[in-house]
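# Coordinate analysis (summary)
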Amino acid sequence: MTSDTMTFTLRPLDPLKDAELLHGWVTHPKAAFWMMRDARLRDVERAYTEIAADEHHHALLGLRDGEPVFLLEKYDPAHRELVGLYEPRPGDVGMHFLVAPTDTPVHGFTRAVITAVMAHLFEDPATRRVVVEPDVGNKAVHALNEAVGFEAAREIQKPEKRALLSFCTRERFLKAVSA
């Protein structure tokens, strides 16, 4: 997976081996919208063990030069996260991503990550549209989503948050990243 000058690889997340790493990420103040700030290590292990056992939800670690730098979750919105909140279409894929916290931010890094994530999701010819539901207050991710072609549809109420339901087709993504 390449985004401009940054190359990333993906590997399946190992819920036990990667739990300590993820715990540091999801409890970091910059991950407030991940809603796991108070999670204990065993909570993270349990959450990602459940995802690993779920045929409709998958977690992957994004690596740069062999080092984990982001988390990607993809899910089938007809079965997880958005059931009953919108009318899913064939080819819809839900997505969450989390960039690892750092003391030395790299300009453009998060945009490169989301661009690589979207390219990865659209590598599957069955993927016709990516669906996201970030917190309505997460203005930074709304801007990133828009930059890669997402179009906000409407606000929805999930059990844990008020979310901005947004969609990105393959065509919108390709147009956004080639502009």
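Conventions adopted
- Residues numbered from 1 in each chain as written.
- Predicted model: local features only at pLDDT ≥ 70, side-chain atom pairs only at ≥ 80, totals over all residues.
- Heavy atoms only, no water.
- Helix = DSSP H or I, 4+ residues; strand = E, 2+ residues; numbered from the N terminus.
- Expected span 1.5 Å × (residues − 1).
- Buried < 20%, exposed > 50% of the residue type's maximum accessible area, 1.4 Å probe, protein only.
- pLDDT = per-residue confidence, 0-100.
- Salt bridge = Lys/Arg side-chain N within 4 Å of Asp/Glu carboxyl O.
- Polar contact = N/O pair within 3.5 Å; in protein donor to acceptor, adjacent residues only side chain to side chain.
- Axes fitted to C-alpha atoms, helices over the stretch in contact; angles between N-to-C directions.
- Left-handed = near helix turned anticlockwise from the far one by under 90°.
- Contact = heavy atoms within 4.5 Å.
- Nonpolar A, V, L, I, M, F, W, Y, C, P; charged D, E, K, R; others polar.
- Core = buried A, V, L, I, M, F, W, Y, C linked by side-chain atoms within 4.5 Å.
- Pairing = 2+ DSSP bridges.
- Parallel < 35°, antiparallel > 145°, perpendicular 65-115°, else oblique.

Time to look at helix α3 (residues 109-123). The end-to-end C-alpha separation of α3 is 21 Å, in line with the 21 Å expected for 15 residues at 1.5 Å each. Most of α3 sits out of view: eleven of its 15 residues are buried. Along α3, the residues that are buried comprise Phe-109, Ala-112, Val-113, Ile-114, Thr-115, Ala-116, Val-117, Met-118, His-120, Leu-121 and Phe-122.

For the rest of this paragraph, the subject is the confidence of the model for the chain. Within the chain, residue pLDDT values average 91, and 97% of them lie at 70 or more. Looking at the elements of the chain, mean pLDDT is at its lowest for strand β1 (residues 2-3), recorded as 54, and at its highest for strand β7 (residues 129-132), recorded as 97.

Within the structure shown, the criterion is met by ten salt bridges. The partner of Arg-40 in a salt bridge is Asp-43, and the shortest N-O contact between them spans 3.3 Å. Its relative accessible area of 18% is what places Asp-43 among the buried residues. For the salt bridge of Glu-155 with Arg-162, the shortest nitrogen-to-oxygen distance reads 3.1 Å. Accessibility expressed as a relative area gives 34% for Arg-162, which makes it partly exposed. Ionic contacts of the salt-bridge type, sharing partners, join the residues Glu-81, Glu-133, Lys-158, Glu-160 and Lys-161 into one network.

With respect to the helices and strands, the residue Glu-160 is situated in the loop between β8 (151-157) and β9 (162-169). A polar contact is formed between the side chain of Glu-160 and the side chain of Lys-158, at a distance of 3.0 Å.

It is worth spelling out the packing of α3 against helix α5 (residues 170-178) at this point. Packing of α3 against α5 leaves a shortest axis separation of 11 Å and a crossing angle of 145°. Relative to α5, α3 is oriented so that their crossing is left-handed. The residues of α5 that touch α3, namely those facing Thr-115, Met-118, Ala-119 and Phe-122, are Arg-170, Phe-173 and Val-177. Of the residues in the contact of α3 with α5, the class split is five nonpolar, one polar and one charged.

Below, the discussion takes up the nonpolar core. Of all hydrophobic cores here, the largest spans 26 residues; its most connected members are Phe-8, Met-95, Met-118 and Phe-150. Breaking this core down by element, the ones donating at least two residues are β5 (67-75), β6 (92-99), α3, β7 and α4 (139-147). Counting residues per element, this core draws most heavily on α3, at nine residues. Among all residues touching Met-95, those that are not within four sequence positions of it are Leu-72, Glu-73, Tyr-75, Val-117, Met-118, Leu-121, Val-130, Val-131, Val-132 and Phe-150. By size, the runner-up hydrophobic cluster in this structure holds 18 residues, among which are Ala-19, Ala-31, Tyr-48 and Leu-63.

The buried fraction of strand β4 (residues 57-64) is high, at six of eight residues. Two strands pair when backbone bridges link them, and strand β3 (residues 9-12) and β4 are joined in this way by four bridges, in the antiparallel orientation. Counted as the bridge partner of Pro-12 is Leu-60 from β4. Strand direction decides the pairing type here: β4 and β5, joined by eight bridges, are antiparallel. Of the residues in β5, the one forming a bridge with Leu-60 is Leu-72. Following β4, the chain reverses through two residues before pairing antiparallel with β5; Asp-65 in that reversal takes a positive phi of roughly 55°.

In this section: the packing of helix α1 (residues 19-26) against helix α2 (residues 41-52). At a closest axis distance of 9 Å, the pairing of α1 and α2 adopts a crossing angle of 110°. In terms of orientation, α1 lies roughly perpendicular with respect to α2. Between α1, through Ala-19, Glu-20, Leu-22, His-23 and Val-26, and α2, the contact on the second element is made entirely by Leu-41, Val-44, Glu-45 and Tyr-48. Per-class residue counts for the contact of α1 with α2 are six nonpolar, one polar and two charged.

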